[in-house]
Amino acid sequence: RTPLSLPYDGRPCYEPANTPSAELLGLCRPSFLIIGAGKSGTSSLYSYLQRHPMVLPARSKQTHFWRYDYSGPGSVPGYYGNFPNATQLGSGGRVTGEASPGYLPSSESASRTGEHLKGVRIIVLVRDPVERAYSSYKYNYVNAILGDVRARGVRSRRRRREREAKVGIDGHMEAINAELEEVDKRRLVTFEEFVDAEMDYIRKCMQGRGGEREGVMERCFEGRDGEDPSEQWKSIPKTLVDERGVRIDRIFDTNGNHLVRSMLARGMYSSQVDVWRRHHREENVHVMCTSDLDVREMGADIVGEKIDEVAAFIGLEKFDFEPAVGAIGVLNHGSKPGYERATAWDEYWKDDVDPNLRAKIVSFFKELEVWTGWNEYSALCGWSAA
Ligand SMILES: Nc1ncnc2c1ncn2[C@@H]1O[C@H](COP(=O)(O)OS(=O)(=O)O)[C@@H](OP(=O)(O)O)[C@H]1O
């Protein structure tokens, strides 16, 4: 284990001797950025790294500054305000960093950080793209809808108290179930419907782009250059008619719509990682498999060693992460609503994607190898082709 030297020669903070402008004095830069992929264990990795004695936490784990809030060099000092200052971090080898999973698909974030944070260590987690997409479906779509329902019912303590006083706990549960039934599950768009629609859209959007990578995600998924990502849902039926002829309106709008529209695209790692490799030196980009974080599969000792490899990449001294990994476990897992018994939600939460659907997605990833890098990453991380 040979740690790399620390970014910024071990002086992440602007001091009188190295500050390019007075307004930066006393502010500190992040030494590492966990840039994604979303739904790939970024929260867990960030928490594990925090246990290293030389790592100090940011005020907020994710800022998404370089993607959404950067508006020229004048906006950068405000960003540094998210991190410990020079008095807190000092120049004794302590580091800080953030984890914003929205950075990976953003070419602009790659170029802006390449310019302002030269030498920062970039950490990318890659997860089996089928599992990643399904996790996004559950979290950004199904859970977002349930979240709305629960916000009106279970989560509202006041309503709960009022109801319980009137009808007791059983009556309260009945009322909640009635609310859940309001969201007839036929109203939910299925994972397969979204996936089919997105595959068609990606094929169309990638057509004629050759090996072009920079900005492809922005063009296809943020509606630049006349592309319209909302096009992809046009083919999904907006309404269904049940056996009694009653119209069922399906639910499309959630606050994570842009994420639901790029469930597959965000797993097309090769094009995204290459953009980061181009704006940061190759040796400053570290790719790690989500499966190497999985304490349930690998055990805390092995995962601890994998985290220590990341620590060495950041430039930190050896540390035993095993106890931290064991204690923290797996973050952001599931968010199961807990009402499966009363309703049929579990149908939407089963942990495995149907094998036929998986095969269809994998073959799509192979077809678009130049953007997905399926062969390279499946070999690296051991993802099954079946
Ligand atoms: N240590 C470890 N090992 C393996 N898998 C893990 C780990 N930690 C989190 N996870 C799974 O990653 C999913 C959450 O990822 P993120 O924390 O990146 O989500 S987010 O983008 O910040 O919302 C979420 O996936 P799903 O459960 O499939 O939804 C987590 O279960």
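Residues numbered from 1 in each chain as written. Predicted model: local features only at pLDDT ≥ 70, side-chain atom pairs only at ≥ 80, totals over all residues. Heavy atoms only, no water.

**Structural notes on the side chain of S109**
Going by this rule: Secondary structure counts use DSSP, requiring at least four H or I residues in a row for a helix and at least two E residues in a row for a strand, with both numbered from the N terminus. Burial classification: accessible surface area is computed with a 1.4 Å probe over protein chains only, and a residue below 20% of its type maximum counts as buried, one above 50% as exposed, and the rest as partly exposed. Throughout this description, a polar contact denotes any pair of N or O atoms lying within 3.5 Å of each other; where both atoms belong to protein, one of them has to be capable of donating a hydrogen while the other can accept it, and for residues adjacent in sequence the pair is counted only when both atoms sit in side chains.
Checked against the element boundaries, S109 lands in helix α5 (residues 107-116). Residue classification places S109 among the buried positions, given a relative accessible area of 0%. A polar contact is formed between the side chain of S109 and the backbone nitrogen of R67, at a distance of 3.4 Å.

**Regarding the environment of L4**
In plain terms, the rule: Residues count as neighbours in contact if any of their non-hydrogen atoms are within 4.5 Å of one another.
Structurally, the position occupied by L4 is in the segment before β1 (32-36). Distance from L4 to A312, taken between C-alpha atoms, is 6.2 Å for residues 308 residues apart in sequence. With near-sequence residues (within four places) excluded, L4 lies in contact with R121, E283, A312, F313 and G315.

**Examining the sheet that holds strand β2 (residues 55-56)**
By way of backbone hydrogen bonds, the strands of a sheet pair with one another, either parallel or antiparallel. Let me state the cut-off plainly: Two strands are said to pair when DSSP picks up at least two bridges between them. Only the stretch in contact is used when fitting a helix axis, every axis being a line fitted to C-alpha atoms; angles between N-to-C directions are given from 0 to 180 degrees.
Here we have 5 strands laid out as an open sheet, ordered β2-β3-β1-β4-β7, and parallel in their pairing. Strands at the two margins of the open sheet, each flanked by one partner only, are β2 and β7 (285-289). Where β1 lies against strand β3 (residues 95-99), 3 bridges are found, and the strand directions are parallel. Pairing of I34 across the sheet is with A99, part of β3. Sheet strands touched by helix α1 (residues 42-50): β1, β2, β3 and β4 (121-126). Its angle to β1, the strand with the most contacts, is close to 165°.

**Topic: the confidence of the model for the chain**
What counts here: Confidence of the predictor at the level of single residues is captured by pLDDT, which takes values from 0 to 100.
For the chain, mean pLDDT is 87; residues scoring 70 or higher make up 87% of the total. Contacts of residues 334-346 to residues separated by more than four positions or lying in other chains number 23 contacts, the stretch itself having pLDDT below 50.

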